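Here are the chains, one letter per residue:
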Amino acid sequence: MKEKIRVLIAKPGLDGHDRGALVIAQALRDAGMEVIYTGLRQSPKQIVRAALQEDVDAIGLSCLSGAHNVLFPEVLRLLTEEDAEDVIVFGGGVIPHQDAKVLEEQGIKKIFTPGTSTKAVAAYIDQAVNEKRGSEKKLLSPPGGVDHIGIAVHSIEDALRFYADHLHLKVEAETEVPSEGVKVAFIPVGNTKLELLEPLTRDSPVAKFLEKKGEGIHHIAFSTHSLEDRIEQLKREGVPVLNEEPKVGAGGYPIAFLHPKAANNVLVELCDPSRKGEGVKS
C-alpha cells in the first residue's frame, strides 16, 4: 500500500494573510495527503522544528510580505543543519519570476506563482515525493529540447524557395500522413528542424488552420521521454490534452498534442524521437 504523503504548510514571517495557504492545504488534503498547518507568523526555526516533529515529506512555504528571499533560504539552511535536506521545500505567494529562479537555484524545489491551479500543485508534490522515494519514473525534468517547429503553408514547393534560396537549407525528408490529411517536409536547422505542413484535403486540421489564421507557425514540438506517463502527469495537473494516448507522427515516433489554451494559444506537441520505429497506438 502506498504510504501517505505528509506535508507541512507554513506561513513564515509577519504577514497576516493565509487564505492562499489554507486553499493549498485543503487541495493537498483532497488529493489524499496528510497536511499540517503551522498557523500565522512562524519563524524558520519554528517551521523546521515542526517539520521534524511531524516527520513530513515536504514543506510548503507561503509568503506575501516580500521577505521570501530571506525566509525561504533560511528554512533550507536550518534543514541542512539538522541533516534533513531531503525534505522537499516548495513555495508560493507574491514572488517575482526573477526571485523564483534564484530561489529554485538555491534549493527550493518549486515556486508556484499566483494563478497556478491547485491541481497542478498537488500533482507536482505527489510526483516529487514519489520521485524522492524512488517509486515512480522521473517526470519533473524539463523537455530535452525543441524537436521541431511546425509551419503551416499552402504549398511546400513555394515555401521552400525562401529556405533554400536565401537560408541555403535543404529538405531532409518529405512524406505524407493521410490520417492527418497533410504532406510534410523536414528541414534540419542546427539541433532542431522545421516541419513544413501542406494540407492534402480541405477538411484537414492544417487546412482549417490556414483558413482561420493564414500561413505561419502551427505548433512547437518538445522532445521528452516517458511520453505516456508525461501525458498522465499533465492530466493530473489539469492540463487539457488533445491526445489521451500517443500516436505516430510524421517523423515515425510517438507524439501527442496539448490543447492550445494550456499554453497561451500555442499548440504544443510532445514527442519522443528516441522511440522512432518502435510502434505505438495510432
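Look up a bit, the structure's there.
So, here's what we can say about the structure. (Residues numbered from 1 in each chain as written. Predicted model: local features only at pLDDT ≥ 70, side-chain atom pairs only at ≥ 80, totals over all residues. Heavy atoms only, no water.)

### Thoughts on the pairing of strand 12 (residues 254-258)
Move 1: The buried fraction of strand 12 is high, at five of five residues.
Move 2: With burial as the criterion, each face of strand 12 is covered, one bearing Pro254, Ala256 and Leu258 and the other bearing Ile255 and Phe257.
Move 3: One ladder, built from two bridges, connects strand 11 (residues 247-248) with strand 12; its direction is antiparallel. Looking at strand 12, one finds that lysine 247 is bridged to isoleucine 255.
Move 4: From the end of strand 11 to the start of strand 12, which pair antiparallel, there are five residues, and glycine 252 there has a positive phi angle of about 90 degrees. (Buried < 20%, exposed > 50% of the residue type's maximum accessible area, 1.4 Å probe, protein only. Helix = DSSP H or I, 4+ residues; strand = E, 2+ residues; numbered from the N terminus. Pairing = 2+ DSSP bridges.)

### Notes on helix 5 (residues 118-132)
Each full turn of the α-helix corresponds to 3.6 residues, which orients residues three or four apart in the same direction.
Move 1: Taking 1.5 Å of rise per residue, the 15 residues of helix 5 would be expected to cover 21 Å, and the 21 Å separating its terminal C-alpha atoms lies within 8% of that figure.
Move 2: Here helix 5 lies mainly inside the structure; twelve of its 15 residues are buried.
Move 3: Listing the buried residues of helix 5 in full gives Ala120, Val121, Ala122, Ala123, Tyr124, Ile125, Asp126, Gln127, Ala128, Val129, Asn130 and Glu131.
Move 4: Taken together, the buried residues of helix 5 touch strand 1 (6-10), helix 1 (19-30), strand 4 (88-93), strand 5 (110-112) and helix 8 (227-236).
Move 5: In the stretch just after helix 5, glycine 134 is the one whose phi turns positive, near 75 degrees. (Expected span 1.5 Å × (residues − 1). Contact = heavy atoms within 4.5 Å.)

### Digging into the pattern of salt bridges
Move 1: Taken as a whole, this structure holds 15 salt bridges when the rule is applied.
Move 2: Between arginine 161 and aspartate 158 there is a salt bridge, with its nearest N and O atoms 3.2 Å apart. With arginine 161 and aspartate 158 both in helix 6 (residues 156-166), this residue pair falls three residues apart, about one helical turn.
Move 3: Across the pair glutamate 180 and lysine 247 runs a salt bridge, and its minimum N-O distance is 2.6 Å. Taken together, the residues glutamate 180 in the loop between strand 7 (173-177) and strand 8 (182-189) and lysine 247 in strand 11 connect sequence positions 67 residues apart.
Move 4: On the accessibility criterion, glutamate 180 (28% relative accessible area) is partly exposed.
Move 5: Through salt bridges with shared partners, a single ionic network connects Arg6, Glu34 and Glu54. (Salt bridge = Lys/Arg side-chain N within 4 Å of Asp/Glu carboxyl O.)

### Quick notes on the sheet that holds strand 4
The strands making up a sheet associate through backbone hydrogen bonding, with each pair oriented either parallel or antiparallel.
Move 1: Pairing within the open sheet is parallel, and its five strands lie in the order 2-1-3-4-5. Edge strands, defined here as strands with exactly one partner in the open sheet, are strand 2 (34-37) and strand 5. For this sheet the average axis-to-axis angle between neighbouring strands, irrespective of direction, equals 20 degrees.
Move 2: Bridge analysis of strand 3 (residues 58-63) against strand 4 gives six bridges, and the strand direction is parallel. Considered in strand 4, the bridge of alanine 58 is made with isoleucine 88. (Axes fitted to C-alpha atoms, helices over the stretch in contact; angles between N-to-C directions.)

### Focus: the pairing of strand 7
Move 1: Judged from the five bridges that link them, strand 7 and strand 8 form a sheet pairing that is antiparallel. Paired with threonine 175 across the bridge in strand 8 is valine 184.
Move 2: Counted between consecutive antiparallel strands, the loop separating strand 7 from strand 8 contains four residues, among which glycine 181 sits at a positive phi close to 60 degrees.

### A short note on the packing of helix 3 (residues 68-81) against helix 4 (residues 97-106)
Move 1: Between helix 3 and helix 4, the shortest axis-to-axis distance is 10 Å and the interhelical angle comes to 15 degrees. Here helix 4 runs roughly parallel to helix 3, going by the angle between their axes. At the point where helix 3 passes helix 4, the crossing takes the right-handed sense. Every residue of helix 4 that contacts helix 3 at His68, Asn69, Phe72, Pro73 and Leu76 is listed here: Asp99, Leu103 and Gln106.
Move 2: Partitioning the contact of helix 3 with helix 4 into residue classes produces four nonpolar, three polar and one charged. (Parallel < 35°, antiparallel > 145°, perpendicular 65-115°, else oblique. Left-handed = near helix turned anticlockwise from the far one by under 90°. Nonpolar A, V, L, I, M, F, W, Y, C, P; charged D, E, K, R; others polar.)

### Thoughts on the packing of aromatic side chains
Move 1: This model, assessed by the stated rule, comprises three aromatic pairs.
Move 2: Between phenylalanine 90 and phenylalanine 112, the aromatic rings sit 6.1 Å apart at their centres with planes inclined by 80 degrees, giving edge-to-face as the arrangement. Remark: phenylalanine 112 occurs in strand 5 and phenylalanine 90 occurs in strand 4; sequence separation between them is 22 residues. Phenylalanine 112 shares its class with phenylalanine 90; the two are buried.
Move 3: Taken together, a centroid distance of 5.6 Å and an interplanar angle of 85 degrees make the contact between phenylalanine 112 and tyrosine 124 edge-to-face. Here phenylalanine 112 is found in strand 5, whereas its partner tyrosine 124 is found in helix 5, with twelve residues between them in sequence. Comparing phenylalanine 112 with tyrosine 124 shows no difference in burial state: the two are buried.
Move 4: Sitting above the plane of the phenylalanine 186 ring, lysine 193 keeps its charged end 5.9 Å from the centroid. (Phe/Tyr/Trp six-rings, centres within 6.5 Å; stacked < 30°, edge-to-face > 60°. Lys NZ or Arg CZ within 6 Å of the ring centre and 35° of its normal.)

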